[in-house]
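Single-letter residue listing:
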Amino acid sequence: MNLDQINTKFVIRNLSNNDIPEMVSLPRSEGREMGQESEILSWMNVDPYGIFVAENVEDGQIAGCCCGIALSDNHGYIGMYVVKSKYRGLGLGRILWNAAVNRLGNRNIGLSSAPPMLGFYRGKAGFAFTARWTVDLYMALDPVLPKSTLSRPLPFTVVVDPKGSLVQHAIDYDYFIHKYDRSSIVKETIGEKGTLTLMALKPSIDDNFQATGYACMKKSLQGHWLIAPIYAEDSSSARSLLYGLVNALNDDQRKEGMVAKLVSSNSEASKLFLQFGLKKTQYQLQRLFTKEVYEMPENKIFALQSSVFCTE
């Protein structure tokens, strides 16, 4: 099918709120471990023009999607690239891809690639810079709480109210990790419906408390509990956060399973998740960029926020 024929049969436009329930059926059918409808809505709030869909003009159904999220004036991300199987091979995916790439302009664009697509992305697509780490999926069908001499590990954790003052501490810690302002992303992530956010706190010398990390947990499209992210100053803070998240679930909820995406270079994160029964799966993605590898403190990333919408 040539370009004129595609343009006659499909409309490429930005995702609307009404499209979300239908659109999420695409990544769900592909087995993607990402958030549910509320996560899509939060990224639409971050970048209202960043998610593209192809609408079949004959029946109004969503045939494919691709996002090009503008994370800042300098950072962008390509993800959620899916075309329904019956529409593949028509060139529709290429048009969605171009719309997302053009949306991001001259930004340093990142994406997560499965092994079969590495050659295309590195060559023809221009993603020539490869991170030294991979995105690894860890999973447990029934996570456990490791035994401890303490009833709860230290530092202690508190629940972050989406409308409370601790949100600013999360924003500040997030800036320490990413080195650019992601305040809108943090607010949207913490405020997602059904999301539990915890913050790790340690006493400081001035009788106040120092934030040493934060973590979020929500339901994934596949029905598992998705931990995304865990940012922490050290393994003890990360352990407290993970313990608090798992402990927040009852026995039936734990049996729904738990997943997290880890940075392969953080061996402490791998050891930590194994203690809670989460093991590495065969799922592995390579992070690629168009201008330069986005550097981050990998030893403080104990679980990634997303391999669908953002660069870390």
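Above this note sits the structure.
First things first, this report covers the structure right here in the doc. Every value quoted in this text rests on a predicted model; they were computed, and no experiment measured them.

1. Points about the pairing of strand β4 (residues 75-83)
Moving on, step 1. Counting buried residues along β4, 8 of its 9 residues qualify, which places the element largely inside the surrounding structure.
Moving on, step 2. Across 6 bridges, strand β3 (residues 62-70) lies against β4 in antiparallel orientation. What sits directly across from C65, in β4, is V82.
Moving on, step 3. Here β3 folds back onto β4 in antiparallel fashion, the turn holding 4 residues.
Moving on, step 4. With 3 bridges connecting them, β4 and strand β5 (residues 108-113) associate as parallel partners.

2. Comments concerning empty space enclosed by the protein
Moving on, step 1. Taken as a whole and judged by the stated rule, the model has 1 cavity of 30 Å³ or more.
Moving on, step 2. Every residue lining the largest cavity is counted, 13 residues in all, and those nearest its centre are E33, L226, K261, Q305 and S306.
Moving on, step 3. When residues of the lining of the largest cavity are assigned to their parent elements, the largest contribution, 3 residues, is made by strand β10 (residues 225-232).
Moving on, step 4. Counted by class, the lining of the largest cavity contains 6 nonpolar, 4 polar and 3 charged residues.

3. Here we look at the pairing of strand β12 (residues 279-289)
Moving on, step 1. Direction of pairing for β5 relative to β12: antiparallel, over a ladder of 4 bridges. Its bridge partner lying in β12, S113 is registered against Q286.
Moving on, step 2. The sheet contact formed by strand β6 (residues 129-140) and β12 spans 7 bridges and is antiparallel. Its bridge partner being in β12, D136 is matched across the sheet by Q284.

4. Structural notes on the nonpolar core
Moving on, step 1. Formed by 50 residues in total, the largest nonpolar core has its most connected members in I40, I51, M80 and F309.
Moving on, step 2. Per-element tally for this core: the top contributor is helix α7 (residues 166-178), with 5 residues.
Moving on, step 3. The residues contacting M80, other than those within four sequence positions of it, are M23, R32, M34, I40, I51, C65, C66, C67, V308 and F309.
Moving on, step 4. Membership of the second largest hydrophobic core comes to 27 residues, among which are I230, Y243, L249 and L272.

5. Quick look at the pattern of salt bridges
Oppositely charged side chains can pair when the atoms bearing their charge come close.
Moving on, step 1. A complete count under the given rule lists 14 salt bridges for this structure.
Moving on, step 2. Between R13 and E55 there is a salt bridge, and its shortest N-O distance comes to 2.8 Å. With R13 in strand β1 (residues 10-14) and E55 in strand β2 (residues 51-56), this pair connects stretches of sequence that are 42 residues apart.
Moving on, step 3. With a relative accessible area of 24%, R13 lands in the partly exposed category.
Moving on, step 4. Linking K218 and E39 is a salt bridge whose minimum nitrogen-to-oxygen distance equals 2.9 Å. Placement of K218 in strand β9 (residues 209-219) and of E39 in helix α4 (residues 37-46) is noted, with a sequence separation of 179 residues between them.
Moving on, step 5. Owing to a relative accessible area of 6%, K218 belongs among the buried residues under this scheme.
Moving on, step 6. Owing to a relative accessible area of 3%, E39 belongs among the buried residues under this scheme.
Moving on, step 7. Several salt bridges converge on common partners, so that one network encompasses R13, D19 and E55.

6. Things to note about the packing of aromatic side chains
Moving on, step 1. For the coordinates displayed, the defined rule picks out 12 aromatic pairs.
Moving on, step 2. Taking the centre distance of 5.4 Å and the plane angle of 85° together, the rings of F10 and Y87 count as edge-to-face. Placement of F10 in strand β1 and of Y87 in the loop between β4 and α5 (92-104) is noted, with a sequence separation of 77 residues between them. Here F10 matches Y87 in class, with each residue buried.
Moving on, step 3. Members of the aromatic cluster, each reached through a chain of ring pairs, are Y81, W97, F120, Y121 and F127.

7. Notes on the environment of I51
Moving on, step 1. Summarising the element assignment, I51 is placed in strand β2.
Moving on, step 2. A C-alpha to C-alpha distance of 9.3 Å links I51 and A99, two positions 48 residues apart in sequence.
Moving on, step 3. Those residues in contact with I51, other than ones at most four positions away along the chain, are R13, N14, L15, I40, M44, C66, C67, I69, M80 and F309.

Analysis parameters
Residues numbered from 1 in each chain as written. Predicted model: local features only at pLDDT ≥ 70, side-chain atom pairs only at ≥ 80, totals over all residues. Heavy atoms only, no water. Buried < 20%, exposed > 50% of the residue type's maximum accessible area, 1.4 Å probe, protein only. Helix = DSSP H or I, 4+ residues; strand = E, 2+ residues; numbered from the N terminus. Pairing = 2+ DSSP bridges. 1 Å grid on protein atoms, 1.4 Å probe; cavity = no way out; pocket = protein on both sides within 12 Å on 5 of 7 lines; lining within 4 Å. Points joined across faces, edges and corners; volume = space filled by probe spheres on them. Nonpolar A, V, L, I, M, F, W, Y, C, P; charged D, E, K, R; others polar. Core = buried A, V, L, I, M, F, W, Y, C linked by side-chain atoms within 4.5 Å. Contact = heavy atoms within 4.5 Å. Salt bridge = Lys/Arg side-chain N within 4 Å of Asp/Glu carboxyl O. Phe/Tyr/Trp six-rings, centres within 6.5 Å; stacked < 30°, edge-to-face > 60°.

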